[in-house]
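Chain residues, written in single-letter form:
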Amino acid sequence: MQALVTGAAGFIGSTLSERLVAEGATVVGVDNLSDYYSTATKRDNLAQIDSDRFSFVHADLNEIDLEPLVAEADVVFHIAGQPGVRGSWGEGFSEYVSANISATQRLLEATSRTDSRPKFVYASSSSIYGDAEAYPTHELTLPRPRSPYGVTKLAGEQLCRLYAATSGLSTVSLRFFTVYGPRQRPDMAFTRFLTAALTGTQIDVYGTGEQVRDFTYVDDIVDAVSRAATVDVAPGSVYNVSGGGSHSVNEVLDIIEELTGRELNVRRQGSAAGDVARTSAETTAIRRDFSWTPRTDLRAGLQSQLEWVRGVLARA
Ligand code: NAD
Ligand code: UGA
């Protein structure tokens, strides 16, 4: 398999690329190394993909001619994006529009123009649900994002559906639920909490800490993403991908205290704009159609992220 992975230097994209080459695929990764977080961290992520079958194109999806890249691929994994719920308000929004909507439209357009018509797998998000009408939340639940970020991820998903309907593209959108594990972004909760636990610095908890997430280990996410390349599903399909547990931020802090043996220095802050009270996914569809199941529970996943954070701190 020849794969194009966008966002290949990021948390999920680099983990996916590493897995695809390990499975025997040839992968072209593209990423603009955006400065949302340290580009050195992103270069480190790329350096872990140690294979002759991986090549990297340093480019912005909104600037380059995408057709030659797409034409070579059997499957396009569109993982690039501007992530982060809390930073999507105010002036930062234009970056979300550019990275999550415009780049997705350009990539879909390029894909629809190639003769080979590769499969198109899109990294969507649980944030499209907002405070959902029902839990666990089914894919047919009315989307009503609570953050500008969620609006842009939903727009990207709708573009996939539209190109499937009008150009016959084989698109699949996967709604990832809060992903964690080694290489998790530095703005996300677990990397922040584990780093603070090991360095004895302060942990800021937004709101009561009783907000609940259906946290998903990154290896389970990339397993689902890689299966999306070969499953035979209707163009324009949408699937939830989640770890299957419901844990509050306070529960996570308790586990971190146990795993590290350190007393945490927690300060309660006001709740963050755009933060939903709960996420919880109905995953019957992906389990049935992808023969997929999540394999890593929260405690084991946190332990492996802890080891990774230890390594990062030791090298710093
Ligand atoms: P990340 O920031 O680590 O990775 C995204 C990568 O995309 C970055 O390396 C960035 O440089 C690149 N990128 C951004 N704009 C680009 C552009 N215009 N051209 C080329 N490259 C560009 O984020 P992540 O956590 O790995 O998330 C990956 C994707 O998964 C995103 O689309 C995000 O919205 C989605 N997602 C993530 C989570 C999560 O919990 N991490 C949950 C749901 C959905
Ligand atoms: C995450 C990703 O950051 C988004 O890119 C993604 O789209 C989204 O998951 C998703 O599932 O769609 P979030 O759930 O906010 O968003 O993930 P974290 O940043 O790990 O936060 C988890 C919880 O911890 C949130 O309630 C947040 O408010 C809280 N938190 C985070 C803190 O209390 N303190 C912090 O320092 C960071």
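Structure shown above.
Note that this is a predicted model, so its numbers are computed, not measured.

A tally of helices and strands in the chain yields ten helices and 13 strands. On C-alpha atoms alone, the chain measures out to a radius of gyration of 19 Å, which is about the 20 Å that the 2.2 N^0.38 rule sets for 316 residues. Projected onto the principal axes, the alpha-carbon positions of the chain cover approximately 60 × 45 × 40 Å. Residues counted as buried form 54% of the 316 residues belonging to the chain. Looking at the chain alone, contacts between residues at least 24 apart form 83% of all its contacts between residues at least 6 apart. For the chain, the exposed surface amounts to about 13200 Å²; the carbon and sulfur share of it is 48%.

Glancing now at the packing of aromatic side chains. Here a ring pair, both rings aromatic, is described through the centre-centre distance and the interplanar angle of the planes. If you walk through the whole model with that rule in mind, you get eight aromatic pairs. Between the aromatic rings of Tyr36 and Tyr37, the centroid separation amounts to 6.3 Å while the plane-to-plane angle is 65°, which identifies the pairing as edge-to-face. Here Tyr37 falls in the buried class, since its relative accessible area comes to 10%. With a centroid separation of 4.6 Å and an interplanar angle of 45°, the aromatic rings of Phe190 and Phe215 are classed as tilted. Taken together, the residues Phe190 in helix H6 (residues 189–199) and Phe215 in the loop between strand S9 (212–213) and strand S10 (216–217) connect sequence positions 25 residues apart. Across the pair, exposure class does not vary: Phe190 and Phe215 are buried alike. Counting every residue linked through ring pairs, the aromatic cluster contains Tyr180, Phe190, Phe215 and Tyr217. Positioned above the aromatic ring of Tyr37, the side-chain terminus of Lys42 is 4.6 Å from the ring centre.

Each value, and the rule that gives it
Within each chain, residues carry numbers counting from 1 in the order of the written sequence. Key to labels: chains lettered from A, ligands numbered from 1, both in the order written. Thresholds applied to this predicted model are a pLDDT of at least 70 for local features of residues and 80 or more for the giving and counting of side-chain atom pairs; totals over whole chains, interfaces and linings are not thresholded and use all residues. Just so you know, side-chain values use all the structure's heavy atoms and leave hydrogens and water out. A run of DSSP states H or I qualifies as a helix once it reaches four residues; a run of E qualifies as a strand once it reaches two. Both are numbered from the N-terminal end. Only C-alpha atoms enter the radius of gyration; for comparison, a globular chain is expected to reach 2.2 Å times N to the power 0.38, where N is the number of residues. Burial classes follow relative accessibility: with a 1.4 Å probe on protein chains only, a residue under 20% of its type's maximum area counts as buried, one over 50% as exposed, and anything between as partly exposed. By definition, residues are in contact when any of their heavy atoms lie within 4.5 Å. Areas reported as accessible are Shrake-Rupley estimates using a 1.4 Å probe. Residue values count occlusion only from the protein chains shown. Only centres within 6.5 Å qualify two rings of Phe, Tyr or Trp (six-membered ring in Trp) as a pair; their planes then separate them into stacked at under 30 degrees, edge-to-face at over 60, and tilted for everything else. Note on criteria: charge over ring means Lys NZ or Arg CZ within 6 Å of the ring centre, with the direction from the centre no more than 35 degrees off the ring normal.

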